[in-house]
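Structural features, examined
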Amino acid sequence: MKAEVILAADYRPADSEPFMNERQTEYFRRKLKAWKSDLLSDSKETIEGMQEGARNIPDVADRASEETDRALELRTRDRQRKLVAKIDSALRRIEDGSYGYCEDTGEPISLKRLDARPIATLSLEAQERHERKEKVHRDD
């Protein structure tokens with residue numbers, strides 16, 4: 001079992017450190033776990049709110065409005081469920097040592113990009129190429 005890595009509260013990964021050293025991987029592991037915890041907590045609150053909010057509304061317009069709100073909330077929760085799966089995938093990549101490296105090129109993903117989007121699997125350049133290719137094929 002690994003020794004626990006201690007991080008200062010104000011720690012931020014820096015380019016001057018070796019890429020994906022123990023401190024950086026621990027920083028991203030904690031960031032991903034906190035994000036996942038927040039999403040799961042929000043989801044639980046939504047489910048509880050929907051169970052409490054299930055009621056019979058006689059006015060057709062009010063009922064339609066509430067149904068629209070529920071549909072939007074469910075769509076948001078579905079996106080968050082998919083995001084939790086991506087977070088779990090990133091946590092697995094941390095464990096297997098592939099986290100932080102571009103799936104296309106194998107090159108390191110910039111720390112700024114990972115800090116902004118910790119589930120990123122492509123470097124900025126590879127992501128831009130992917131989006132350009134996607135746009136070209138979408139226009140067909």
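Residues numbered from 1 in each chain as written. Predicted model: local features only at pLDDT ≥ 70, side-chain atom pairs only at ≥ 80, totals over all residues. Heavy atoms only, no water.

What to know about the packing of aromatic side chains
Condition: Note on aromatic contacts: the rings of Phe and Tyr and the six-membered ring of Trp form a pair at centre separations within 6.5 Å, being stacked when their planes are under 30 degrees apart, edge-to-face when over 60 apart, and tilted otherwise. A run of H or I in DSSP counts as a helix once it spans at least four residues, and a run of E counts as a strand once it spans at least two, with each numbered from the N terminus. Only protein chains enter the accessibility calculation, which uses a 1.4 Å probe; a residue whose area is less than 20% of its type maximum is buried, one above 50% is exposed, and one in between is partly exposed.
This structure, assessed with the given rule, holds four aromatic pairs. Where Y11 meets Y27, the ring centres are 5.8 Å apart and the plane angle is 70°; that geometry is what we call edge-to-face. Separated by 16 residues along the polypeptide, Y11 in the segment before α1 (22-53) and Y27 in helix α1 bring together distant segments of the chain. Side by side, Y11 and Y27 carry an identical accessibility label, which is buried. Residues F19 and Y101 carry aromatic rings whose centres are separated by 5.1 Å and whose planes lie at 85° to one another, so their mutual orientation is edge-to-face. Placement of the pair is F19 in the segment before α1 and Y101 in the loop between α2 (60-96) and α3 (111-116), with a sequence separation of 82 residues.

A closer look at the nonpolar core
Heads up, the rule is: Among buried residues, those of type Ala, Val, Leu, Ile, Met, Phe, Trp, Tyr and Cys that are joined through side-chain atoms within 4.5 Å constitute a nonpolar core.
In terms of nonpolar packing, the biggest core is built from 23 residues, with F28, L32, I87, Y99 and L114 touching the most fellow members. Those elements that place two or more of their residues in this core are α1, α2 and α3.

Some words on the side chain of N21
Applicable threshold: As used in this structure description, the phrase polar contact means that two N or O atoms lie within 3.5 Å; if the pair is within protein, one of them must be able to donate a hydrogen and the other to accept it, and residues adjacent in sequence are counted only when both atoms belong to side chains.
Mapped onto the secondary structure, N21 falls in the segment before α1. One polar contact links the side chain of N21 to the main-chain amide nitrogen of R23, over a distance of 2.9 Å.

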